[in-house]
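These are the residues of each chain, in order.
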Amino acid sequence: MAGRRRFVLIVGLTALAYWLAAFVSLKISTYVVGVAAAVWLAAGIAAFASLRFGMVAVPGVLLGSFAANSMILPPAPALAISCGAAMGAALMPWLARQLNPFSSALDYVGSVAKFALVLAPLGSLTSAVVGTLTLYGYSLLPLEQFGRAFWVWWLGDILGIYLLAPLLLTASRWDLLPTSRRARIEGLVLILAMLLLTRLMLQYVVPMRPAEIVLFVMLPGVLWAALRFSITGASLAIFLAAPILLGMALVSYGGINPTTTPQDVFGLQVSMIVMAMGGLFVASALTERRYSEMRLDMLANHDPLTGLPNRSYFQDFLGHTLARAQREKMQVSLLFIDLDRFKHINDSQGHEVGDQVLRIVAGRLDEQLRADDFVARLGGDEFAVVLMHPSTSRAASRVARKLIQALSESFKIEQRRYAIGASVGISVYPDDAQDANTLLRQADLAMYQAKQRRSGFEYYSDELNTRAQQQLMLENGLRQALDRKELTLVFQPKVDLASGRVVGLEALIRWMSRSGSLVGPGHFIPVAEETGLIVPIGRWVLRAACEQWVAWRDAGLAPPPVAVNLSPRQFGDERLADDIDAIVRETGMDSSYLQVEVTESAAMENPERTFAMLDALRQRGLHVYIDDFGTGYSNLGQLKRMPIDALKIDKSLIDDVLFEGDAAEIATAVIRLAHALNMRVVAEGVETPEQMAFLKARDCDEIQGFVVARPMPPDKVSALFTQTFLMV
């Protein structure tokens, strides 16, 4: 139903517009036998409608042409001429499809060349041939006037297309027109100058034919419009030149009629065609250049992946917004957005899927914000939103909740569904900062707070700044700790529940600062992870543990295997296996006595990479433990395939086995699962005899915790190598 209405509307409007344009043309410029007009504006309507709406407009051309020609001709020749006009209109969109690429907005030189040199001439030629042959066939056109009528008809159609079709086709590009007051005044002055000069030359310059006025007055005016006002301005100037000139000719000479010499008619037509072509080609060339500049500007100021403003554009915009907010006594809220779980999707599914996720995120952010809000991609999976608003406490909270909700909705890519989240940090001008850089840094701090608390969004506070300063000091101290040899190892024994013998040691790092204070790993390990220092620190721990084990062996002791923890970042380092090879070789460590512990979450984050890395470690004779088991998201099918020697039950489960039935059931299930998969089980964090008895009753293999011994320095832990503990 909607398609039928559209068809009727296009046909009706095209027919009406064609009839009106034909009526005007017949009144102002009828030249041969009362039918052929020097300027046939109706051809411009036909060209526009067919190029804009396709074949749907052709019936409208047929009806409009028949209605116009029926006013001056009998029905039969009027219908034949109308069929010729419809054929010419149908030919143009067909040719446009064959000559792709073609832009109907005429904003490229290639499109103007196809329009001006192929579509318009051939479409007009079809109409002129059918029209003149029809007139001659019905004895309405003497043979001696056939040639003149054909040329007037053909050139009149071409001229009508040049004058009217570009104006209508380029109407969609009005956004390219300058809109300043100065530009409007300049355009008005240009039109008045064309009117005045045309009038003066017709009255005082004798003999001065209209064709010469076109070349000396209209053409410079059109070129000026093309240079200053883009393709749309040039099209408007071309269209206005026709009524100015024809109107002046009508006032001065009574219009264009059979008494006008053929030379004047042809000269006028050709000169106006040259004027139109010159204006269109110049304007399209400048528009194409402007597009190139816009593309360069887009590349410089926008993110090519999402199309959002980039970091450079964002910083400029934020600076201008803060200056405006200061003038207008407004507030500015800056939302710093970091995606959750994006890295996992990007690493596991590849950058192509990751790029699609970022485009989806950009689209959702843009949809949720108002037209005067600003969103940019700062890089990676970080985005920023700038809101300017009246002074209100926590005005950005509603927007932050809305954005988090929108980003948390799942989406589908290539038959697979994904879900991410977002953490948002908010800082406010002028409450938190007065300049753009500080405001951005504070929003970044608030975002990290939101990510750590998993609260969705957080506002900046002075406490965050103090904490950031402390963290920076901690980071700087940690960088120096390696060089100053402030790091040390302590060892916690693992005891076999059946024999009571020490069957392993876990190497744990401690930091004794130069001030003499002991910094716990809970304080500096997260900083090391975030800054990447965990990789060299982990390498140091591995070397120090191997060196200590070799020292015990060389001293005649019988040290049990020693285990080192691999952080997620260290475990993902491609050089890990090579580092282990070098350390084992340089220290003389027996690799069969070296154990590595990987957290459950790190092992399951990227199973394919984990398989490859664990296999490489096993080939080197190392034993692999999955640490903190029970806190992650293990896939049992994948766990079964992994080359793992043992599972370590997380302390959080052991703490509750005596008080919570769920914890007891989970711990029991983990032990049974490990034994079913031919793995040993180590319970860590065992602190009471009751917990030890519970685990022994359920056939747990090893325990580790304060009930046996606290972490001890190397010289003290070695005394436990031959000791047998009573496991009651």
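From a predicted model like this one, the values you see are computed outputs, not experimental measurements.

Draft legend 1. Quick look at the overall build of the chain. The helix and strand tally for the chain stands at 26 helices and 18 strands. Considering the chain as a whole, with its 728 residues, one finds that 52% of them fall into the buried category. When contacts within the chain are restricted to residue pairs at least 6 apart in sequence, those whose partners lie at least 24 apart make up 72%. Carbon and sulfur atoms provide 57% of the accessible area of the chain, an area that totals close to 33800 Å².

Draft legend 2. Just unusual backbone geometry, in detail. The peptide bond linking N100 to P101 adopts the cis configuration, its omega dihedral lying at 5 degrees. Its location among the elements puts P101 in the loop between α4 (75-98) and α5 (109-137). Between Y429 and P430 the backbone carries a cis peptide bond, its omega angle lying at 5 degrees. As for its placement among the helices and strands, P430 is situated in the loop between β8 (421-429) and α14 (436-453). Phi at K329 takes a positive value of approximately 55 degrees, unusual for a residue other than glycine. Relative to the elements of secondary structure, K329 occurs in the loop between α10 (311-328) and β3 (331-340).

Draft legend 3. Structural detail: the environment of M613. Tracing the backbone shows M613 in helix α21 (residues 607-619). You can call M613 buried: its relative accessible area is 11%. Residues M613 and G572 lie 41 residues apart in sequence; the distance between their C-alpha atoms is 8.6 Å. Beyond its immediate chain neighbours, meaning those up to four positions away, M613 contacts F571, D573 and L576.

Draft legend 4. Seen up close, the pattern of salt bridges. For the coordinates displayed, the defined rule picks out 19 salt bridges. A salt bridge links R539 to D579; the nearest nitrogen and oxygen atoms lie 3.1 Å apart. Of the two residues, R539 sits in helix α17 (residues 534-554) while D579 sits in helix α19 (residues 576-587), which places them 40 residues apart along the sequence. Residue classification places R539 among the partly exposed positions, given a relative accessible area of 28%. For the salt bridge of E687 with K651, the shortest nitrogen-to-oxygen distance reads 3.4 Å.

Draft legend 5. Expanded view of the sheet that holds β3. Read from one edge of the open sheet, 5 strands run β4-β5-β3-β8-β9, paired in mixed fashion. One side of each edge strand has no neighbouring strand; the edge strands of this open sheet are β4 (374-379) and β9 (457-459). Neighbouring strand axes in the sheet, compared pairwise and without regard to direction, differ in orientation by 20 degrees on average. Where β4 lies against strand β5 (residues 382-389), 5 bridges are found, and the strand directions are antiparallel. Following the sheet pairing, F374 is matched in β5 by V386. The strands touched by helix α13 (residues 397-408) are β3, β5, β8 and β9; relative to β3, the strand with the most contacts, the crossing angle is about 20 degrees.

Draft legend 6. Spotlight on helix α2 (residues 41-53). Helix length check: α2, at 13 residues, gives a terminal C-alpha distance of 19 Å against a target of 18 Å (1.5 Å per residue), a fit within 8%. Counting buried residues in α2 gives 11 out of 13 residues, a clear majority hidden from the surface. Within α2, the full set of buried residues consists of L41, A42, A43, G44, I45, A46, A47, F48, A49, S50 and L51. Of the residues trailing α2, G54 is marked for its positive phi of about 75 degrees.

Draft legend 7. Expanded view of the pairing of β5. Of all 8 residues that make up β5, 7 are buried, and the element is covered over most of its length. The hairpin turn running from β4 into β5, its antiparallel successor, is 2 residues long, and G380 in that turn takes a positive phi close to 55 degrees.

Draft legend 8. Fine view of the packing of helix α3 (residues 58-69) against α4. The contact between α3 and α4 brings their axes to 8 Å, and the two run at 145 degrees. With respect to the hand of their crossing, α3 and α4 are arranged in right-handed fashion. Packed against α3, whose contacting residues are V58, V61, L62, S65, F66 and N69, the element α4 presents P75, A78, L79, I81, S82, C83, A85, A86, A89 and A90 at the interface. A per-class count over the contact of α3 with α4 returns 13 nonpolar, 3 polar and no charged.

Draft legend 9. Geometry of empty space enclosed by the protein. Enumeration according to the criterion identifies 3 cavities of 30 Å³ or more in this entry. Size it by volume and the largest cavity reaches roughly 230 Å³. Along the walls of the largest cavity sit 22 residues, with Y18, W40, S127, W153 and D157 positioned nearest its centre. Those elements that provide at least two residues to the lining of the largest cavity are α1 (2-29), β2 (36-37), α2, α3, α4, α5 and α6 (146-169). A per-element tally of the lining of the largest cavity places α4 first, with 5 residues.

Draft legend 10. Structural view of a nonpolar patch on the surface. There is a patch of nonpolar side chains on the surface, built from F23, V24, M71 and I72 and spanning about 310 Å² of accessible area. Here M71 lies in the loop between α3 and α4.

Cut-offs and rules
- Residues numbered from 1 in each chain as written.
- Predicted model: local features only at pLDDT ≥ 70, side-chain atom pairs only at ≥ 80, totals over all residues.
- Heavy atoms only, no water.
- Helix = DSSP H or I, 4+ residues; strand = E, 2+ residues; numbered from the N terminus.
- Buried < 20%, exposed > 50% of the residue type's maximum accessible area, 1.4 Å probe, protein only.
- Contact = heavy atoms within 4.5 Å.
- Areas by Shrake-Rupley, 256 points an atom, 1.4 Å probe, with all protein chains shown as cover.
- Salt bridge = Lys/Arg side-chain N within 4 Å of Asp/Glu carboxyl O.
- Pairing = 2+ DSSP bridges.
- Axes fitted to C-alpha atoms, helices over the stretch in contact; angles between N-to-C directions.
- Expected span 1.5 Å × (residues − 1).
- Left-handed = near helix turned anticlockwise from the far one by under 90°.
- Nonpolar A, V, L, I, M, F, W, Y, C, P; charged D, E, K, R; others polar.
- 1 Å grid on protein atoms, 1.4 Å probe; cavity = no way out; pocket = protein on both sides within 12 Å on 5 of 7 lines; lining within 4 Å.
- Points joined across faces, edges and corners; volume = space filled by probe spheres on them.
- Patch = residues over 30% accessible without salt bridge, like charges linked within 9 Å, V, L, I, M, F, W, Y side chains within 5 Å.

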